[in-house]
Amino acid sequence: MLETAKRIAVLTGAGISAESGIPTFRGAGGLWKNFRPEELATPEAFERDPATVWEWYLWRRELIAKAEPNRGHRALAELEERTPDFALITQNVDALHDRAGSRRILKVHGDIWTNRCQRCARETETLSGERPPRCGCGGFLRPGVVWFGEELPRAVWQEAERAAGRAEVMLVVGTSAQVYPAAGLVPYARQNGAMVIEINLEPTAVSNSVDLHLWGPSGEILPQII
Ligand code: BV8
Ligand code: ZN
């Protein structure tokens, strides 16, 4: 199927970056271990305590800066080279897919490396010394990620839905498939005729709506597929 497929969509989650040393969200050593996601990855948390939320993202940026893409990320970049119509839909904000050479990346939960003003929405690189830094307009800067309760970037989401709806094969890699609407892309692809292959260490919330499971670390399985 993968060899002959012209249209492939891949959905990745934190699990694909685990072998790069970045803790997943809900696993044992997960990023959320000291906090519940709703405590920090929400606009309300940022309103209530912008410094703590900003510090948490700084900590994650340092973690990610030290990490390298792993063989799983690189295998997906290789698969993209060989596939006429390919979409890499990622829930990850770590930009490791970019560093591995992927190009057709749809970041449905944004990118931790961008800073966006909470007030005027302008994106900026320059950071003042304050925590969180301020935009020229006086508003606080926040990481360019999608928080719980926030809408996904519309154009990116529409492109992700389109890719999932027309894929002949969908790979679902390293996601617990608990976060919506991203997780909904899996049954959506299947209902539209895709053969869905899940690559994970353990069953997930979508495991009963996939065609094939490949159990194991994505950093080993994806290179084997390639
Ligand atoms: C929205 C960015 C509305 C920030 C993130 C009740 C029911 C259903 C839905 C909801 C509900 N209440 C609220 C909702 C909606 C909510 C939601 O889905 N909540 C969930 C928790 C129930 N969704 C939202 O709020 C979304 N927005 O709905 O807006 C709206 C609409 C219109 C207008 C206005 C508003 C926004 C969701 C985005 C939230 N942002 N992240 C940040 O990163 O700080 S979510 C966060 O979870 C990350 O993005 C992460 O990617 C994502 C999913 O987690 P996973 O990637 O799956 O990671 P996890 O740790 O869970 O799993 C890792 C997996 O890897 C495991 O399965 C593990 O076995 C596997 N693994 C580990 N190692 C390996 C491996 N696999 C292979 N190899 C390995 N080596
Ligand atoms: Zn501003």
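Residues numbered from 1 in each chain as written. Chains lettered and ligands numbered in written order. Predicted model: local features only at pLDDT ≥ 70, side-chain atom pairs only at ≥ 80, totals over all residues. Heavy atoms only, no water.

Draft legend 1. The environment of Arg-154, seen in detail. You can see Arg-154 is positioned in helix H7 (residues 154–166). The exposure class assigned to Arg-154 is exposed, which follows from its relative accessible area of 56%. Sequence spacing of Arg-154 and Val-108 is 46 residues, and the spatial spacing of their C-alpha atoms is 8.9 Å. (Helix = DSSP H or I, 4+ residues; strand = E, 2+ residues; numbered from the N terminus. Buried < 20%, exposed > 50% of the residue type's maximum accessible area, 1.4 Å probe, protein only.)

Draft legend 2. Structural context of the packing of helix H5 (residues 71–82) against helix H9 (residues 218–225). Where H5 contacts H9, the axes come no closer than 7 Å and their chain directions differ by 30 degrees. The angle between H5 and H9 falls in the class roughly parallel. As for how H5 packs across H9, the hand of that crossing is left-handed. Side by side, H5 and H9 meet where Arg-71, Gly-72, Ala-75 and Leu-76 of the first sit next to Ser-218, Gly-219, Glu-220, Leu-222 and Pro-223 of the second. Partitioning the contact of H5 with H9 into residue classes produces four nonpolar, three polar and two charged. (Axes fitted to C-alpha atoms, helices over the stretch in contact; angles between N-to-C directions. Parallel < 35°, antiparallel > 145°, perpendicular 65-115°, else oblique. Left-handed = near helix turned anticlockwise from the far one by under 90°. Contact = heavy atoms within 4.5 Å. Nonpolar A, V, L, I, M, F, W, Y, C, P; charged D, E, K, R; others polar.)

Draft legend 3. A look at the coordination of the zinc ion (ligand 2). Coordination of the zinc ion (ligand 2) by the protein comes from Cys-117 (SG), Cys-120 (SG), Cys-135 (SG) and Cys-137 (SG), over a distance range of 2.2 to 2.3 Å. One can describe the site at the zinc ion (ligand 2) as tetrahedral: its four donor atoms subtend angles covering 103 to 119 degrees at the metal. Counting residues between consecutive donors of the zinc ion (ligand 2) along the chain gives the motif C-x2-C-x14-C-x1-C. One end of the pair, Cys-117, is in strand E4 (residues 110–117); the other, Cys-135, is in the loop between E4 and strand E5 (141–145), with 18 residues separating them in the sequence. (Donors = N, O, S within 2.8 Å, 3.2 Å for Na, K, Ca; no water. Tetrahedral: all angles 85-135°; square planar, octahedral: opposite > 155°, others 65-115°.)

Draft legend 4. Structural view of the domain arrangement of the protein. Taken domain by domain, the protein comprises domain 1 (1–22 + 69–109 + 152–226) and domain 2 (23–66 + 114–145). One C-alpha centre belongs to domain 1, the other to domain 2, and the line joining them spans 25 Å. Each side of the interface is counted separately: domain 1 has twelve residues, and domain 2 has eight residues. Buried area between domain 1 and domain 2, both sides added, is near 850 Å², and the carbon and sulfur share of it is 67%. Three residues, Ala-14, Ile-22 and Val-93, lead the burial of domain 1 against domain 2; their summed loss comes to 50% of the area buried on that side. In this assembly, domain 1 and domain 2 are joined by zero salt bridges. One can count one residue pair in polar contact (both at pLDDT 80 or more) joining domain 1 with domain 2. Considering only residue class, the side of domain 1 that touches domain 2 consists of five nonpolar, five polar and two charged. (Domains from an automatic or database assignment. Buried area = accessible area lost by both parts, 1.4 Å probe. Salt bridge = Lys/Arg side-chain N within 4 Å of Asp/Glu carboxyl O. Polar contact = N/O pair within 3.5 Å; in protein donor to acceptor, adjacent residues only side chain to side chain.)

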